[in-house]
Structures are given as C-alpha cells and as structure tokens.
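# A look at the structure
Take a look at the letters that make up each chain.
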Amino acid sequence: MLLSVENLGVKIGAVQPLEGIGFALDRGEILGLVGESGSGKSLTALACMGLLGLIGGQRLGTVAFDGVVQDEAGLARLRGRKIALITQNPMTALDPVQRVGEQIAVVARLHLGTTPAAARARTLDLMTQLRIPEAAAVADSYPHQLSGGMKQRIVIAMALAGEPELIIADEPTTALDVTVQAQIVQILGQLVRQRGLGLVLITHDMGVVAQVCDRVAVLYAGRLAETREVGDLFSAPRHPYSAALIACIPREGMAPGSLTGIPGAVPSVALYPPGCRFHPRCPRADALCATTPPPQGAFACHHPLEVPHG
Amino acid sequence: MLDYLVRRVLLLLPVFLAVSVVIFLILHLIPGDPIDNLLKVGSGPEARAKIAAKYGLDQPLPVQYGIWLWGVLQGDLGTSIITRRPVAVMIGQVIGPSLALGGMALAISSLGGIVLGAVAASFRDRWPDQLIMGGVLLGSTLPSFWLGLLLILGFSVELGWFPVSGARGWASLVLPVATIAFGGIALVTRVTRVAMIEAASRDFVLLLHAKGLPPRRIRLAHVLRHALMPVVTILALRIGWVLGGAVTVEYVFARPGLGSLLIKSLSQHDYPVVQACLLMLAIAVMLGTLLGDITQALMDPRVRSALR
C-alpha cells in the first residue's frame, strides 16, 4: 500500500475534531474523501502531510507511507518529495511576489537536486504537459497576472515537480469556473493513470467522485461514515448520510423543485452529539443511535440501508 | 518602472508648490509681528515703516510670496530678521547634525526593529517574544526627554563614556541616537511582528510547507519579505518625522538641529527661518514618501502592475 492510515485522529488543544479515520490507497488509485464542510476532510489532509503543527494540532494514530509508519519528522522529509499537496484556492495558494515558474522550479531544485537550468527546463516541460499555452511566458508571470484555472495548473505543476508518488488534492476545483473544473479533474485523472500516482481527492462534489474515484471514504463530523468502492456506494449506499449526499446530486429528468438538501448542518467540534454523530439529522435514527456510537467498519451505522435486490 | 519613476517625481512639483503656499500663508495668518522684536522701545511709525520696507513686509502678500519662492528656487532662503544672517547658512549649520541624528536613529530602528520583530514572531507567545514585547511596551511609553536624561546620568555623568551634550564628534551622537532609536525600534518591532504573524497565516505559506521548503527559509525568504511591505511604509513616513521631530532630544542634549531652530525662530516670529525650516521638513516628508512608494513598487509586482 502506498498510503495507509489507521485510527487517525487530530487533537487541537482540548478538543478532538477528528478520530478513528482509516483508509488505504495504492499506486494508480484515486480515493475520494467526501463530506460537507466541517466534516474534517482538510484536517485529514493536513494530518497525512504532517502539517498539523502549523495550526497547533497534534496527530493521533498512524500514517504509513510505502509500508513504513512515519512520525512528523518522517512526513516532513517526504513532503514535496514523495507526498504533494494541492490546495483549495489557487487564488491564494501562490506567493504573490514570486514568478510562478520559479515557484515550480524551486521544488525540483530542492528535492531532485537539479541545476537551475535543468529545473527551469523541467518546469516548462511540466507546464506544457498540463496544457499551459506559451509556457515560457507564463512561467515569467506573477500570480496576479494569471486566471484561476491557470493558477491551479501552476499549483498542480508545483506538486508534480518533485516527482511525488502521492498527491493529496484538497478540493482542487471548488474555487474554479465549472468549465475549468472539468479540465482540472480530467488532468488529475490522467496523471494518476499515466504516472501511477496515488491520489487522495478531497471534494464535496459527489459528481466528481462518481466520475474519477475508485474508492470513497465518506466523512461526517470527524468520523468515517462509510468506505466503499465507488460503484457500490452509488448503487447501494448503506449509511443514511451517504444516501443523503447522493440524493443531493441533481439528475436528468428530475422534477423542478424536487432536489433536496440534508436538513440541518454539521455540528461544530464543541457540539458533537453523543452516540452516532449523524443521528440528529438522520431519518432512521432511534434511541440506540442517540447513546451508542455505531460499530466501525465499511459503514458505521446501527440501522444501515438494505442492499436492493437484483 | 522608469516611466513610473519619472511620473512620480513630476507629481512632486504641484505638491511642492501647494506646500510652499500653505507654509507661506500660515505664518502670515498667525497673530504677532516680527517688527515688534526689532523696534527699539519708543520708536515711531516711521521707524516701523522703514524696517517693514527693508524686509519687504510692506508689499501685498502675493508679491511677498512671489519674491520668496523665486529666491527659494535659486537657493536663496532670505535673511533672518532676528540674527540678520542668511537663512541658508543657518539651515546649513543645523541640517548636518539633524541628518546625522535622524539618519542614524532611523537606520538603527529599522535594523533593530526588523530583527527583533522577526525573532518575536518566530517565538510567538514564548519567552523571547514576551521579553521583546515587554521592551516594546517600555520603548513606546517612555518619554524620550526622560530617557535622554537617564542615559546622560548613567553613561555620561556616572560612567563618563560619552559627552553630556553638544554635537562634536561621533561619541556625542551615541546617546541621542540611542534615545530616539529606542522608541523607533519599539514601533518597528511591533509592526514587523504583527505583519509576520499575519503573513505566516496566509494560504500560500501552507503550500510552501507542503512543498517541503525548510521552515527557516520560508520564514526569511517569504514571510519576512511580505511582512516588510507595511514596515517600509511606516519607515518612509518616519523619515520626515525623524528630521524634525527630535526637538526634545535636541534640547536635552543641547544639540543644534532643525527642530530646535524651528521652535526658536517660531517663538521669535522670524518668518524667513520658520519658512525655510518648514520647507525642509516638507521636502523630507515628500522625499520619504517617494522613497517608500518606489520601494513598494520594487518589492511588489502587484503594485507595479497597478501603475501601468
């Protein structure tokens, strides 16, 4: 396994916004990490990168890369080299006072030990592969001179520059136009297939998940709700929360006004309810759900949905 | 960039003219008359008219302004009404000590403040930060004249390391510079620290860490670089202040300086000297802002783009 995460949790001061997260990912695979805002997706990404220190957090549980369990110092050595991050908002992800080409090239110089000229050549090569027109001119631009989609490609190029084996992409398309979103998702998908990378794709867009992911981990309020193969999840969700998320995807032929959301909102860390954290919003909840946390497994639910026959 | 530089300098001309009008008018609107200081007790109106004519004070205001400005542009700042010496010479005598004091104080407060601010931000909420911020509190609240007196007592009277007063040689600069720089360092430290903490929380810093750059390099090459932008703005604004705002310190150390000359001539209604002093300060402020703007443009490509 390229990345395997067991019983991962995050503690920030007295609160524990994330607990009991486990998943595994192999080369050439895309794992979707889904859930509403506030469910702990980005924290999971930071924890896997060993970057919790930046927000004053502490990691619990184990993160193993290529079968080797890593402490924070180990993750720090892998950062940028073996594990790369693509963040949510390309508008703010780049240093505004540095030319973008330089921001890509520094990764190659730092991790591959290439000469400045070779790093520059590699930068232009990567940019061309990511279908950036006139790569040389763009490389000499500053971030504010580029469009959002272009900046996100720069961020992706930055992630690829150290020849990583694993990419964690935290909502890479959220801040982009719909037309550009599709391109970026397509680019990421291709990278995984062509280079045999592992990709953890964090998103709240179930449409994107259905399109590119192999497996999906559904997060709710800092816990795993369900981890399934993508086809199984969409054809037969077992956790009511997964089912509710899928029901939120607009479909062809839907009657106008029939698209529903999930009533209520994800509770904040201080207000996590006892028992199953989804029970206040769950149509299937009963007294047991309010007191006892559900068993961990492929789906964490006392009353899972039945598998439809045939 | 060169285009911007030329435009920015040309823009100073109308500002200079406006400032000169204001400086000229303010003085003539203040009640009181310098001739009173020159007249012997019991002189008649003829003597008064004679003196007024000698200094051009009997002309209409626009004519007086025209004469004054024409002289200023040629480097002739007029003659002092009280001392009867050329103003340019009087300014020339004090501008050196003022520049030395202000320049040294500014250089030391920039350097010290940026270093201390960066250290405080790096050790945020731990003891080095608390120690530095304690010093900052002291530096921003201690009145400079009192601090100056304390330093004289300690280092000149007790230890005898530096002269008590005057402006002879480098040794006489140490205590006044220290007095001013103490407050300056406090200000720059505070701004640098806050700006670094703010810059460190920006999104792109997270990505720099994710790229695997060494933390020290992120702090110095990226976070500090961003934090310096507001610091540069503050420093540029202080250039004018440092030249003329050292009056109390000049008094305490009995140093000649632009600030002291201004206050003294102001109390004597010595128009030409006051005007020249104010003009020097205004020019210092204008050059300071110009320098600040140019530095901003050099540091930030977004500013450069906005200029086109």
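Described below are features of the structure shown in this document. Worth saying up front: this structure is predicted, and the values here are computed from it rather than measured. (Residues numbered from 1 in each chain as written. Chains lettered and ligands numbered in written order. Predicted model: local features only at pLDDT ≥ 70, side-chain atom pairs only at ≥ 80, totals over all residues.)

All names here are of chain A. Within the open sheet, the six strands sit side by side as β6-β7-β8-β3-β9-β10. Their pairing is mixed. What marks the edges here is a single partner per strand, and that holds for β6 (83-86) and β10 (223-229). Strand-to-strand twist across the sheet, computed as the mean angle between neighbouring axes with direction ignored, equals 15°. Strand direction decides the pairing type here: strand β3 (residues 30-34) and strand β9 (residues 215-220), joined by four bridges, are parallel. Bridged to Leu33 within β9 is Ala217. Sitting on the sheet, helix α7 (residues 148-160) is in contact with β6 and β7 (166-170), with an inclination near 170° to β6. (Pairing = 2+ DSSP bridges. Helix = DSSP H or I, 4+ residues; strand = E, 2+ residues; numbered from the N terminus. Axes fitted to C-alpha atoms, helices over the stretch in contact; angles between N-to-C directions. Contact = placed C-beta atoms within 7 Å.)

Right, let's talk about the interface of chain A and chain B for a bit. Contact with chain A, which involves 24 residues of that partner, is made by 17 residues of chain B. The leading source of residues in the side of chain A that touches chain B is helix α4 (residues 100-112) of chain A, at three residues.

In this section: the nonpolar core. Met49, Ala157 and Ile168 of chain A together with Cys277 of chain B are the most contacted members of the largest nonpolar core, which has 157 residues in total. No other element matches the 14 residues that helix α9 (residues 171-200) of chain B contributes to this core. When near neighbours in sequence (up to four residues on either side) are disregarded, Cys277 of chain B contacts Leu258, Leu261, Leu262 and Ser265 of chain B. (Core = buried A, V, L, I, M, F, W, Y, C linked by C-beta atoms within 7 Å. Buried ≥ 20, exposed ≤ 12 C-beta atoms within 10 Å, placed from the backbone.)

The next point concerns the sheet that holds strand β4 (residues 57-65) of chain A. What holds strands together in a sheet is hydrogen bonding between their backbones, with the strands either parallel or antiparallel. Residues and elements named next belong to chain A. The sheet built from four strands is open, its strands ordered β2-β1-β4-β5 with antiparallel pairing. Looking along the sheet, the strands with just one partner apiece sit at the ends: β2 (15-25) and β5 (68-70). On average, adjacent strands in this sheet sit at an angle of 10° to one another, irrespective of strand direction. Judged from the eight bridges that link them, strand β1 (residues 3-12) and β4 form a sheet pairing that is antiparallel.

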